Amino acid sequence: MGTTAQSPDTLASRFLNWCAQAWEATTEADVIGSLDDETLREIARDCCVTPDQILQLVKAGPHAADEMEALMKALGIDVDEVSLAHPGQFRDMQITCSTCTSKERCRRDLARHAADQEYIHYCGNAEHLNVMRADPELLVA
């Protein structure tokens, strides 16, 4: 009797993936939360952010700015080029995306390939993205 391979996108696999991500985020939050104030300030200074931003970013999780890169790609912006040419701006945009309250709308627009028309209405990075779209050096070749 043959066995069939289980689809990697089953309910069980999605749940296990969610648990792993939650565990990872909780562990990171616990580590950051256990740091003394001075160490947290030093880390924040090294990252060019505030200690409060570090805590927000850790709570948001490691994939909190994934929508930003997906939106940049949908707009024809070269993510790698921007991260190299404008690292400070790229970091600030990641922070904005990580703490965004419009993620569901953004994901929905990305999924239906309408983000390039709709992002201007809700994206906290819209101004930066518009400037990038006008710069041929930052566009995908």
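One structure accompanies this document, and this report is about it. (Residues numbered from 1 in each chain as written. Predicted model: local features only at pLDDT ≥ 70, side-chain atom pairs only at ≥ 80, totals over all residues. Heavy atoms only, no water.)

### Quick look at the packing of helix α2 (residues 37-46) against helix α3 (residues 51-60)
And then number 1: As a packed pair, α2 and α3 sit with axes 8 Å apart at the nearest point and diverge in direction by 85°. With respect to α3, the element α2 is oriented roughly perpendicular. Note on element contacts: α3 touches α2 through P51, I54 and L55, opposite L40, R41, I43 and A44.
And then number 2: Across the contact of α2 with α3, the residue classes tally to 6 nonpolar, no polar and 1 charged. (Axes fitted to C-alpha atoms, helices over the stretch in contact; angles between N-to-C directions. Helix = DSSP H or I, 4+ residues; strand = E, 2+ residues; numbered from the N terminus. Parallel < 35°, antiparallel > 145°, perpendicular 65-115°, else oblique. Contact = heavy atoms within 4.5 Å. Nonpolar A, V, L, I, M, F, W, Y, C, P; charged D, E, K, R; others polar.)

### Some words on the nonpolar core
And then number 1: Of all hydrophobic cores here, the largest spans 21 residues; its most connected members are L71, M72, Y119, L129 and M132.
And then number 2: Broken down by secondary-structure element, the contributors of at least two residues to this core are α4 (66-74), α5 (79-85), α6 (87-98), α7 (103-111) and α9 (126-133).
And then number 3: The residues touching L129, leaving out its near neighbours within four places in the chain, are L71, M72, L75, I77, M93, Y119 and C123.
And then number 4: Among the nonpolar cores identified, the runner-up in size contains 7 residues, and I32, V49, I54 and I95 belong to it. (Core = buried A, V, L, I, M, F, W, Y, C linked by side-chain atoms within 4.5 Å. Buried < 20%, exposed > 50% of the residue type's maximum accessible area, 1.4 Å probe, protein only.)

### Considerations on the state of the cysteines
And then number 1: What the rule picks out here adds up to 0 disulfides.
And then number 2: Unpaired in this structure, C106 has its nearest cysteine sulfur neighbour in C123, at a distance of 6.4 Å.
And then number 3: Look at C106 and you get buried, because its relative accessible area is 8%.
And then number 4: The class for C123 is buried, based on a relative accessible area of 19%. (Disulfide = S-S within 2.5 Å.)

### Observations regarding the environment of Q53
And then number 1: The residue Q53 is located in helix α3 in this model.
And then number 2: For the pair formed by Q53 and T99, sequence separation is 46 residues and the distance between their alpha carbons is 9.3 Å.

### Some points on α7
And then number 1: Of all the positions in α7, only K103, C106, D109 and L110 are classed as buried. Within α7, the buried residues cover an arc of 130° as seen down the axis, which keeps them to one side. Among the exposed residues of α7, those pointing more than 90 degrees away from its buried face are E104 and A111.
And then number 2: Elements in contact with the buried residues of α7: α4, α6 and α8 (115-118).
And then number 3: Taken from the residues just after α7, H113 is the one with a positive phi, measuring 55°. (Arc of directions from axis to C-beta.)

### Some details on α2
Along an α-helix, residues three or four apart share an orientation, since each turn contains 3.6 residues.
And then number 1: Between a side-chain oxygen at the N-terminus of α2 and the backbone nitrogen of E38 the separation is 3.2 Å; the capping residue is D36.
And then number 2: Backbone geometry just after α2 places C48 at a positive phi near 60°. (Polar contact = N/O pair within 3.5 Å; in protein donor to acceptor, adjacent residues only side chain to side chain.)

### Points about the pattern of salt bridges
And then number 1: One pass over the full model with this rule turns up 7 salt bridges.
And then number 2: The salt bridge involving R107 is made with E67; its shortest N-O contact spans 2.8 Å. Remark: E67 occurs in helix α4 and R107 occurs in helix α7; sequence separation between them is 40 residues.
And then number 3: For R107, a relative accessible area of 37% puts it in the partly exposed group.
And then number 4: With its nearest N and O atoms 3.7 Å apart, the salt bridge here joins E118 to R105. Linking E118 in helix α8 with R105 in helix α7, this pair joins segments that are 13 residues apart in sequence.
And then number 5: You can call E118 partly exposed: its relative accessible area is 24%.
And then number 6: Of the residues examined, R105 reaches a relative accessible area of 31% and is grouped as partly exposed.
And then number 7: Salt bridges sharing common partners tie together E67, K103, E104 and R107. (Salt bridge = Lys/Arg side-chain N within 4 Å of Asp/Glu carboxyl O.)

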